[in-house]
Amino acid sequence: MATMVMESIGRVFISLQQIRQVPRLLTEAAPSMPDTVTDSEVPVYFRERYIFTGYRPLEQSWRYYFLSLFQRHNETVNVWTHLLAFLLLLGKLRQLADMVDFSNDTHSWPLLILMLSSLTYSAFSVAAHLLGGKSELFHYLFYFLDYVGVAQYQYGSAVAHFYYAVDETMYRNTQGIFMPAATILSCLSCLGCCYGKYCNHTLPCWVRKVCQVVPSMLGYLWDSSPVAKRLLLWSSDDPAVAYHFGQVGFFLSCAFFFTFPLVERCLPGRCDFVGQSHQMFHVLLSCCTFCQIHASYLDYVHRRQLYSNLHEKGDAALFVGLYMLTLVGCALITAFMLRKVKLVLDFKIKSK
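Residues numbered from 1 in each chain as written. Predicted model: local features only at pLDDT ≥ 70, side-chain atom pairs only at ≥ 80, totals over all residues. Heavy atoms only, no water.

Participant: Which residues make up the overall build of the protein chain, and what are the values?
Facilitator: When its secondary structure is counted, the protein chain shows 14 helices and zero strands. The N-to-C order of helical and strand elements in the protein chain reads α-α-α-α-α-α-α-α-α-α-α-α-α-α. Out of the 352 residues in the protein chain, the part that is buried amounts to 48%. (Helix = DSSP H or I, 4+ residues; strand = E, 2+ residues; numbered from the N terminus. Buried < 20%, exposed > 50% of the residue type's maximum accessible area, 1.4 Å probe, protein only.)

Printed below as a string of C-alpha cells:
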C-alpha cells in the first residue's frame, strides 16, 4: 500500500515538473514577438478612436499574427470573444445534431442555416481581428470577409424567424416577398459595410458609421418583424418567448456599443486592451446569437403543427437556395470592392 502511494506521489511530482516546463518550451518554440506600438506608429486606417497603444506592427510574418493570439494587444479580447463563441457554437451544433434529424427533416433546415451562418460570422470575425493587421490590403480583405459573415448571419436570422416564429396572418401577407427581400437587404448590408470601410480615408467617421449601420438596421427590422409581432402578443405559456426577448435585448445593446464608442470616449487611453465598446459588442452579439438559436429550436419543437401547415413542401429548399444566392451576391460585392481597393493602393504606390 505504501509503495502504491509513493508511486502515485512520484507520478504527480513528475507531472508538475512537466507542467512547469511548458512556458519555457513555448518560448523556445515561438520566435520572439515584437512589442506592440502606439497609434502614431501605424497608418491612419488602422487606428481606432480613443485607442492609443497596443497596435501590432505591420508587415510581419503570418506566423507572428497567428501567434499574436497569445499576445497582449488591443485586438486580443476581440479575437478571443468570438473564438470562444465559435467553439461553443460548435458544441451547440453537436448537441442539436443529436436531437434534430437535419438530413431527412426539411423543416429543420432553417435551423441548420442559422447555425451555419452563426459559425461563419464568428469565424470570419476572428480572422479579421487576428490577421487584419498584416497590411493595408489584407486589412480590407479580412474585414470585407467579416462583413460577408455579418450579412449571411442576417439572412440566417431572417429564415429562422420567418419559418418558425411567424404567425399565420403575417405569413399570408408577406409570403413570396419576405425571404427575397431578406436576401436583398443582406447584400445591401454587405455593400454598405464594405463601402464604409473603403471610404476610410475620405469620409468622416460618422458618415462611415451611417453606411455600415443603416443598411444593417433596416435588415434587422425586416428580419425580426415576425419576432416583434410575436412579442407584442406574447403569452406566459410560450416556452420560447423569454429567449426571444433576450435576443432582442442583447441585439439592441450590442448595436448601441457598435455605433457609439462610449466607454473609450469617456476613458480615452484606459481601454486600449480591455473595456472597449467593440469588445462589449462581441460579447452581447454572442449572447444574442445563443438566445436566438435556443428560441428557434424551441419554436422548431413546439410550433411544428403551425409552421408545417404554413410552409409548402419546397419552401425549405427554396430558402437554402436563397442562402446560397446571398453568399454569391456578397462574394461578388466583396470582389468588386476589393478590386477598387487594389486600384487605390496601386495608385498610391505609383505616386510615391
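Participant: How would you sum up the pattern of salt bridges? Please name residues and give values.
Facilitator: Within this structure, the stated rule accounts for six salt bridges. For Arg172, the salt bridge is made with Glu168, and the minimal N-O distance between the two is 3.8 Å. Highlighted residues: Arg172 and Glu168, both in helix H6 (residues 168-174), separated by four residues, approximately one helical turn. Glu168 sits in the partly exposed class, given a relative accessible area of 45%. Its salt-bridge partner being Arg230, residue Asp238 comes within 2.9 Å of it at the nearest N-O pair. We note that Asp238, like Arg230, is buried. Salt bridges here are not isolated pairs; linked through shared partners, they connect Arg230, Asp238 and Asp299. (Salt bridge = Lys/Arg side-chain N within 4 Å of Asp/Glu carboxyl O.)

Participant: Go over the UniProt feature "transmembrane region" (unreviewed entry) in the protein chain with me, naming the residues and quoting the values.
Facilitator: The UniProt record marks residues 77-97, 109-132, 144-165, 177-198, 242-260 and 317-338 with the feature "transmembrane region" (unreviewed entry), using the residue numbering of this structure. Helix makes up 96% of residues 109-132 and strand 0%, and the two end C-alpha atoms of the span are 33 Å apart. The distance from the first to the last C-alpha atom of residues 144-165 is 31 Å, and the span holds 100% helix and 0% strand. (UniProt positions renumbered as here; feature names shortened; annotations may be inferred.)

Participant: So what's going on with the packing of aromatic side chains? Which residues, and what values?
Facilitator: For the coordinates displayed, the defined rule picks out 25 aromatic pairs. Ring centres of Trp62 and Phe142 lie 6.2 Å apart, and the angle between their planes is 75°; on these two criteria the pair is classed as edge-to-face. Remark: Phe142 occurs in helix H5 (residues 136-165) and Trp62 occurs in helix H2 (residues 62-67); sequence separation between them is 80 residues. Residue classification places Phe142 among the buried residues on the basis of a relative accessible area of 12%. Every member of this aromatic cluster is reached through a ring pair, and the members are Phe162, Tyr163, Tyr164, Tyr171, Phe178, Trp222, Tyr300, Tyr307 and Phe319. Just above the ring of Phe273 sits the side chain of Arg72; from NZ or CZ to the centre is 3.7 Å. When the ring centre of Tyr143 is taken as origin, the NZ or CZ atom of Lys197, which lies over that ring, is 4.5 Å away. (Phe/Tyr/Trp six-rings, centres within 6.5 Å; stacked < 30°, edge-to-face > 60°. Lys NZ or Arg CZ within 6 Å of the ring centre and 35° of its normal.)

Participant: Describe the packing of H5 against helix H14 (residues 315-351), and please don't skip the residues or the numbers.
Facilitator: With their axes 10 Å apart at the nearest point, H5 and H14 run at an angle of 160° to one another. One element, H5, and the other, H14, form an angle in the roughly antiparallel class. Seen along the crossing, H5 lies across H14 with a hand that is right-handed. Here the contact of H5 with H14 is composed, by residue class, of 20 nonpolar, three polar and four charged. (Axes fitted to C-alpha atoms, helices over the stretch in contact; angles between N-to-C directions. Parallel < 35°, antiparallel > 145°, perpendicular 65-115°, else oblique. Left-handed = near helix turned anticlockwise from the far one by under 90°. Nonpolar A, V, L, I, M, F, W, Y, C, P; charged D, E, K, R; others polar.)

Participant: I'd love a proper account of the nonpolar core, names of residues and values included.
Facilitator: Nonpolar side chains in soluble globular proteins generally cluster together in the buried interior. Counting residues in each nonpolar core, the largest one holds 48 residues, and the members touching the most others are Tyr155, Met179 and Phe319. Broken down by element, the residue count for this core peaks at nine residues, all from helix H12 (residues 277-302). Membership of the second largest hydrophobic core comes to 26 residues, among which are Leu69, Val79, Val126 and Tyr147. (Core = buried A, V, L, I, M, F, W, Y, C linked by side-chain atoms within 4.5 Å.)

Participant: Tell me what's going on with the environment of Gly329, and back it up with residues and numbers.
Facilitator: Following the sequence through the fold, Gly329 ends up in helix H14. The sequence separation of Gly329 and Ile184 amounts to 145 residues, and the corresponding C-alpha distance is 8.9 Å.

Participant: Any chance you could break down the side chain of Lys197 for me, citing the residues and the numbers?
Facilitator: One can find Lys197 in helix H7 (residues 178-198). Glu48 provides the closest opposite charge to the buried, unpaired Lys197, separated from it by 5.5 Å. Each residue touching Lys197, except ones within four places of it in the same chain, is listed here: His139, Tyr140, Tyr143, Phe144, Tyr147 and Gln212. (Lys, Arg positive; Asp, Glu negative; His and termini not counted. Contact = heavy atoms within 4.5 Å.)

Participant: Outline unusual backbone geometry, listing residues and values.
Facilitator: A positive phi angle is found at Tyr50, which is not glycine, with a value near 70°. Positive phi outside glycine occurs at Glu59, with the angle close to 60°. Along the chain, Glu59 turns up in the loop between helix H1 (2-29) and H2.

Participant: Got a sec to walk through the packing of H5 against H7? Specific residues and values, please.
Facilitator: Here H5 crosses H7 at 160°, and the two axes come no closer than 9 Å. As judged from the angle between their axes, H5 and H7 are roughly antiparallel. The handedness of the crossing between H5 and H7 is right-handed. Along the contact surface, H5 presents His139, Tyr140, Tyr143, Phe144, Tyr147, Val148, Ala151, Gln154, Tyr155, Ala158, Val159 and Phe162, while H7 presents Phe178, Met179, Ala182, Thr183, Leu185, Ser186, Ser189, Cys190, Cys193, Cys194, Lys197 and Tyr198. Counted by class, the contact of H5 with H7 contains 18 nonpolar, five polar and one charged residues.

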